[in-house]
Amino acid sequence: MESLSILLPAAAATQALAQRMAPLLAAGGVVWLQGELGTGKTTFARALLQALGVDERVKSPTYSLVENYPLRAGNSAWHLDLYRIVAAGELDYLGLDALHEHDALVLVEWPERGASALPRADLLLCLSHADAARTARLVAHSARAQAWLQALARITESER
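The notes below deal with the structure included here. (Residues numbered from 1 in each chain as written. Predicted model: local features only at pLDDT ≥ 70, side-chain atom pairs only at ≥ 80, totals over all residues. Heavy atoms only, no water.)

## Focus on the overall build of the protein
The number of helices and strands found in the protein is three helices and seven strands. Order of helices (α) and strands (β) in the protein, N terminus to C terminus: β-α-β-α-β-β-β-β-β-α. Against the 2.2 N^0.38 benchmark of 15 Å for 160 residues, the protein shows a C-alpha radius of gyration of 15 Å, consistent with a compact globule. Dimensions of the protein, computed from the C-alpha atoms along their principal axes, are close to 45 × 35 × 30 Å. Per-residue burial for the protein yields a buried fraction of 51% across its 160 residues. In the protein, of all internal contacts separated by at least 6 residues, the share reaching a separation of at least 24 is 64%. In the structure as shown, the protein presents an accessible area of about 7900 Å², 50% of it carried by carbon and sulfur atoms. (Helix = DSSP H or I, 4+ residues; strand = E, 2+ residues; numbered from the N terminus. Rg over C-alpha atoms; globule rule 2.2 N^0.38 Å. Buried < 20%, exposed > 50% of the residue type's maximum accessible area, 1.4 Å probe, protein only. Contact = heavy atoms within 4.5 Å. Areas by Shrake-Rupley, 256 points an atom, 1.4 Å probe, with all protein chains shown as cover.)

## Details of the side chain of T42
Considering the arrangement of structural elements, one finds T42 in helix α2 (residues 41-51). According to the relative accessible area criterion, T42 is buried, its value standing at 18%. Those residues in contact with T42, other than ones at most four positions away along the chain, are S60 and E109.

## A look at the nonpolar core
In this structure, L48 and L138 are the most contacted members of the largest nonpolar core, which totals 35 residues. If you list the elements that add at least two residues to this core, you get β1 (3-8), α1 (11-25), β2 (29-34), α2, β5 (105-109), β6 (123-130), β7 (133-140) and α3 (143-158). Residues in contact with L48, not counting those within four places in the same chain, are A18, M21, A22, L25, L105 and L107. One finds V66, A104, V106 and V139 within the second-largest nonpolar core, a separate group that totals 18 residues. (Core = buried A, V, L, I, M, F, W, Y, C linked by side-chain atoms within 4.5 Å.)

## Considerations on the sheet that holds β7
In space, the seven strands of this open sheet follow the order β1-β7-β6-β2-β5-β4-β3, with mixed pairing throughout. Each edge of the open sheet carries a strand with a single partner, namely β1 and β3 (66-70). Each neighbouring strand pair of the sheet contributes to a mean axis angle of 15°, computed without reference to strand direction. Where β1 and β7 come together, six bridges link them in antiparallel fashion. Its bridge partner being in β7, I6 is matched across the sheet by A136. In the packing of α1 onto the sheet, the strands contacted are β1, β2, β5, β6 and β7, and the crossing angle to β1 comes to about 145°. Each of β1, β2, β6 and β7 touches α3; the most contacted strand, β7, lies at about 135° to it. (Pairing = 2+ DSSP bridges. Axes fitted to C-alpha atoms, helices over the stretch in contact; angles between N-to-C directions.)

Dropping the structure here:
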């Protein structure tokens, strides 16, 4: 499975998607979160990190650009928001070498603003508005992400 689309009728559905995906992403990976302002990128990231055991307040990294959190599984999560980045070269000053650790979970909002300086995405999560609801389109860019989507499809089907 290379892609999956899910209707998200409310913010709670975005949070539920993140909670369903948490066990799949616990061992790490790179997820690029795309979508216009207000489509739920930060809502998804916050719910995912909380489901992975982050006990502290999960802040939007809009102003800090990057936040790091220890996860229950013993690895780290990095949450980046590149909305304010003009050129990928600006990321060189942030010291983001840890993003390339094999077991780190990396969540990047607005990845198109720093793509050349970021680790390649395993999964692209595109959030968009569709009428009165949101839609999530998940696109696998690695074998690991294909396995995530297959498992997510099974989970989603079993919940119906």
